[in-house]
Amino acid sequence: MTKIIKTVTELQTAVDGKRVGAVFTMGALHQGHAQLIKQCRETVGKDAIVVVTIFVNPTQFENNKDLEKYPRDLASDVEICEQNSADIVFAPTVDEIYPLKTLVKKIEPGEIANILEGASRPGHFAGVATVVNRLLEITKPSVTCFGEKDYQQLTIVREIVKELSIPVEVIGVETVRESDGLAMSSRNMRLSEEERALAPHLYDALNRVKAQLLENHPIEKAISSTIEWMADFPEIELDYLTVLSPSLGKPVPGLARVLVAARIGDVRLIDNIECELAVANV
Ligand code: PAF
């Protein structure tokens, strides 16, 4: 039976002295989150406590409308946690997480927070890094799982954990996809039927770039020809399609990441896949 806890004090008492695995979410849970919980349990072991946090973090939203519109359904979230044998759902209020704003250490992730998603969402990753640091402080996990779907977020979390020497293993969990390739996301439910039909083209675009890299085309060529192909779908408003190193720096031969972001109607979608670069690509 999954226990719902709402206060920091109660949560800290429940995890005190125990081995903990933590999955941080903003709720609206789907199969992608279920996979994070499963992976967390598998890594941390059956005797450990798996905590899923559900907290719609105000400091990572640029405007209040988006914050207010964010889907909230605790009962359905708890059901998914229960099905995936989470022990605790921690669903605190804003005042629990930010009791006296000045007392919560603000984390500024640096340059990596200003590219890709950060370029169009100033302050977003400072909000994410600050709340993740606070949730790590509260839950004190040995293991925490983040989805590769939000690859930049995962990279930033890895960076702050390293920089601040936080003793936690950060596990990146592979993106869970619908049968047509669309990466699972709580935003998908905001797509109209027509928009939903177009959305898998983002995954197709990533795979097109990857296929051309495998044929030894230079990165610029692989990207420009994929952007040309995307012109057939003018409803997809591309923000970026790019290839970067696994730590989101300049790409070099070896493992790399293809990343895409686009707006379809009112909904901004992101996705990414791994690829391998040869000398001819860079
Ligand atoms: O990925 C999310 O849901 C959020 O950014 C996170 C990590 C829970 C921080 O609020």
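Quick look at the structure, then. (Residues numbered from 1 in each chain as written. Predicted model: local features only at pLDDT ≥ 70, side-chain atom pairs only at ≥ 80, totals over all residues. Heavy atoms only, no water.)

All right, on to the sheet that holds strand 2 (residues 20–25) then. The strand order 1-4-3-2-5-6 describes an open sheet built from six strands, whose pairing is parallel. Since the sheet does not close on itself, it has two edges, and those belong to strand 1 (3–5) and strand 6 (169–173), each with one partner. Pairwise comparison of adjacent strand axes, ignoring direction, gives a mean angle of 25 degrees for this sheet. Relative to strand 5 (residues 143–147), strand 2 runs parallel, the two being bridged by two bridges. Its bridge partner lying in strand 5, G21 is registered against V143. Taken strand by strand, helix 7 (residues 124–139) contacts strand 2, strand 3 (49–54), strand 4 (88–90) and strand 5, and its axis lies near 150 degrees from that of strand 2. (Pairing = 2+ DSSP bridges. Helix = DSSP H or I, 4+ residues; strand = E, 2+ residues; numbered from the N terminus. Axes fitted to C-alpha atoms, helices over the stretch in contact; angles between N-to-C directions. Contact = heavy atoms within 4.5 Å.)

All right, on to the packing of helix 10 (residues 201–214) against helix 11 (residues 219–230) then. Pairs of packed helices are described in terms of their axes, by the angle between the two and the distance that separates them. Closest axis-to-axis distance for the helix 10/helix 11 pair is 9 Å, and the angle between their directions is 145 degrees. Helix 11 is crossed by helix 10, and the crossing has right-handed handedness. From helix 10, H201, L202, D204, A205, R208, V209, Q212 and L213 reach across to helix 11, where they touch I219, K221, A222, I223, S225, T226, W229 and M230. Broken down by class, the residue content of the contact of helix 10 with helix 11 amounts to nine nonpolar, four polar and three charged. (Left-handed = near helix turned anticlockwise from the far one by under 90°. Nonpolar A, V, L, I, M, F, W, Y, C, P; charged D, E, K, R; others polar.)

This paragraph deals with the site of the ligand. Taken together, F24, T25, M26, N57, Q60, V131, F146 and Q153 form the complete shell of residues around the ligand. Separating an oxygen atom of the ligand from a side-chain N or O atom of Q60 is a distance of 2.6 Å. Interatomic distance of 2.7 Å between a side-chain N/O atom of Q153 and an oxygen atom of the ligand. Split by residue class, the shell around the ligand holds four nonpolar, four polar and no charged. (Near = heavy atom within 4 Å. Polar contact = N/O pair within 3.5 Å; in protein donor to acceptor, adjacent residues only side chain to side chain.)

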